[in-house]
Amino acid sequence: MSDEAGDRTGERPGGRPGGKPRRGTRDGAAARTGDARKTPKARKAREDRKPRAALAQLAAALRTPAAAAQPLFAQAPKAWQRALPYLVVGVFVVSLLPTTIAVLANDYGMDGGWAGALGVAQTVPLLLAVTRPLPAWLLVLAADTAGAVLLTQADAVAGHPWPWTPMAVVGYLVLMACLGLRESIRNLVGVWLVTGALGAVLGFFPPEDTTTTAALLFVLGGIVLALTGALRGLGDARQRIAEQESISEAERSRRTLLEERARIARELHDVVAHHMSVITVQADSAPYRLPGMPEPVQQEFAAIAASARESLGEMRRLLTVLRAPDPDGAQGARGPGEGGAHGERAPQPGIGRLQQLVEATVRAGQPVELSLAAGAAGAAPPAVDLSAYRIVQEALANVVRHAPGAPTRVSVTVVDDDVLVLVVNGPAARDAVVEPDGPGTGHGLVGMRERVRLTGGTLDTGPLPDGGFRVAARLPLHAGDGAAAAHEAHASHATDDTNDTNDTNEANGERS
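As the structure is a computational prediction, the values presented were derived from the model and not from experiment.

A. Broad picture of the overall build of the chain. Summing up its helical and strand segments, the chain has 16 helices and 7 strands in all. A total of 512 residues make up the chain; the buried ones form 40% of that total. Here the analysis covers contacts within the chain between residues at least 6 apart in sequence; of these, 75% occur between residues at least 24 apart. When the accessible surface of the chain is split by element, carbon and sulfur atoms take 59% of a total near 26900 Å².

Structural data, given as structure tokens:
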């Protein structure tokens, strides 16, 4: 980047003449931020935000479905959050195990050995529910069923809940929550129906004077499964939406890139075709312009003309394919009057037409100043000449769309063997109506990058401290001969996407 480009870019910090350098501005902002963080009010606000952020992360982890063989909260960002399911289930196991043994032995009058075995069988498998909820459910269901059968022979079962003890109900509901967060709707419905059916079967053989809990577990289990299953469904839906948005964004970027390459290929074809036509005319007219030419020389010129005509015909066929309508008859992205015969015969613009472009933009209400170095229009080869014009055109279109009324400066200079293009605009006018941010078409900056890449130059774009924007491009004057440009155009023609991107109006247009 030339010194002039750097001077023009750096003279606008803060929108004030003679303002401090940007580094100083950032240091001052950082110092002020550091001072603000030291105040008690700022510290209190920051401390209040921490619990809310932690709860938000937990809610997000709860909604994020875990893959097979993954524990719950496996996608949580922090280690303590990933360990939280194990901690919660462990607390339930530690609490329920001694309680179950004591209640079965003391209240139900069961033998101590059987009470201990049932307590372990009904509670320890809950640890497996964090990673394998379905096998854990089978183990717990079998243990609870065996416990219900053994309780029919207990000495003091009368007057107590049966077939599911209160501890078994609590452990089973914890298991239902783990199932609801992991399994599919079909599995959840199956688990719920099996639980109800087993309770109904056991209900036909109740001990005397017992309170049945089959219906209670069936209802509570269904509620827990419904709530956790709905939460998992919400997470699944959000994940699918995120994946679809990612795929759509990738396809949009790819389509934009192909469209812009196709457009550049057509324009480069027009440039190269002009030179090929000149070669053909010169080779055909050489025998008439230079009389007395030997026969071998005349044959050589005839061969040159034939090769040039053949190459020109191939390029025209490629251009016809690119400009052809879609198979469905649609004209792609072209509007009325674009493409067709008019598009084939229209000359490509260059640096020499930047004055007209700026004047049209000024008439549209955008204050623009143009600084065009003497001889810049004639110094650039056709490909660089066209690329410089298109970069300025896209940049001005972006200013009109996103910063209406902003003072804008356009500078085109030639330094050594490079054409330097600089477009700098300030912030939008206060009373201007700025188009709201959106995804856009993505053609603006993508097109600039593609044009700069094809000419072997560099592009630097970015916002300015005062709210403006800067576009700076360096285009080498010796970017390659016509053969290289034609080769690049031929490679670009291989793409199937033939939509002609928006030929940006000189005062209006799309921005990426």
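B. Broad picture of the sheet that holds strand 4 (residues 408–415). Pairing in this open sheet of 5 strands is mixed, and the strands run 3-4-5-7-6 from one edge to the other. Looking at the sheet topology across the chains shown, the edges are occupied by strand 3 (368–372) and strand 6 (458–463). Within this sheet the neighbouring strands show an average axis-to-axis angle of 10°, counted without direction. As judged from the 5 bridges shared by strand 3 and strand 4, these two strands associate in the parallel manner.

C. Here's a closer look at the pairing of strand 5 (residues 418–425). Among the 8 residues in strand 5, 8 count as buried, and that is most of the element. With burial as the criterion, each face of strand 5 is covered, one bearing Asp418, Leu420, Leu422 and Val424 and the other bearing Val419, Val421, Val423 and Asn425. Across 8 bridges, the pairing between strand 4 and strand 5 is antiparallel. Looking at the pairing, valine 415 lines up with aspartate 418 of strand 5. Where strand 4 hands over to strand 5, the hairpin turn is made up of 2 residues, of which aspartate 416 adopts a positive phi near 55°. Pairing analysis gives 8 bridges linking strand 5 to strand 7 (residues 469–476), with the strands arranged antiparallel. Bridging from a neighbouring strand, valine 419 pairs with leucine 475 of strand 7.

D. A nonpolar patch on the surface, seen in detail. Together, Leu216, Val219, Leu220, Ile223 and Leu227 make up a nonpolar patch on the protein surface, roughly 440 Å² of accessible area in all. Here leucine 227 is to be found in helix 9 (residues 214–289).

E. Representation of the environment of alanine 473. Relative to the assigned elements, alanine 473 resides in strand 7. The class for alanine 473 is buried, based on a relative accessible area of 0%. Along the sequence, alanine 473 and valine 419 sit 54 residues apart, while their C-alpha atoms lie 8.1 Å from each other.

F. The nonpolar core, seen in detail. Core analysis: the biggest nonpolar cluster contains 40 residues, and Leu126, Trp137, Leu151, Tyr172, Leu175, Met176 and Leu179 have the highest contact counts within it. Counting residues per element, the ones that place at least two in this core are helix 4 (79–106), helix 5 (112–123), helix 6 (133–151), helix 7 (166–182), helix 8 (185–202) and helix 9. Sorting elements by how many residues they give to this core places helix 7 first, with 8 residues. Not counting chain neighbours up to four residues away, the residues in contact with leucine 126 comprise Val89, Val93, Leu96, Val140, Gly171 and Leu175. Grouped together as the second largest cluster of nonpolar side chains are 27 residues, Val392, Ala395, Leu396 and Val412 included.

G. Expanded view of the packing of helix 4 against helix 5. Closest axis-to-axis distance for the helix 4/helix 5 pair is 8 Å, and the angle between their directions is 150°. With respect to their mutual orientation, helix 4 and helix 5 come out roughly antiparallel. Read as a crossing pair, helix 4 and helix 5 show a hand that is right-handed. Contacts between helix 4 and helix 5 involve Val93, Leu96, Leu97, Thr100, Ile101, Leu104 and Ala105 on the former and, on the latter, Ala115, Gly116, Leu118, Gly119, Val120, Gln122 and Thr123. Each residue belonging to the contact of helix 4 with helix 5 can be placed in one class, and the counts come to 9 nonpolar, 5 polar and no charged.

Rules used in this analysis
Residues numbered from 1 in each chain as written. Predicted model: local features only at pLDDT ≥ 70, side-chain atom pairs only at ≥ 80, totals over all residues. Heavy atoms only, no water. Helix = DSSP H or I, 4+ residues; strand = E, 2+ residues; numbered from the N terminus. Buried < 20%, exposed > 50% of the residue type's maximum accessible area, 1.4 Å probe, protein only. Contact = heavy atoms within 4.5 Å. Areas by Shrake-Rupley, 256 points an atom, 1.4 Å probe, with all protein chains shown as cover. Pairing = 2+ DSSP bridges. Axes fitted to C-alpha atoms, helices over the stretch in contact; angles between N-to-C directions. Patch = residues over 30% accessible without salt bridge, like charges linked within 9 Å, V, L, I, M, F, W, Y side chains within 5 Å. Salt bridge = Lys/Arg side-chain N within 4 Å of Asp/Glu carboxyl O. Core = buried A, V, L, I, M, F, W, Y, C linked by side-chain atoms within 4.5 Å. Parallel < 35°, antiparallel > 145°, perpendicular 65-115°, else oblique. Left-handed = near helix turned anticlockwise from the far one by under 90°. Nonpolar A, V, L, I, M, F, W, Y, C, P; charged D, E, K, R; others polar.

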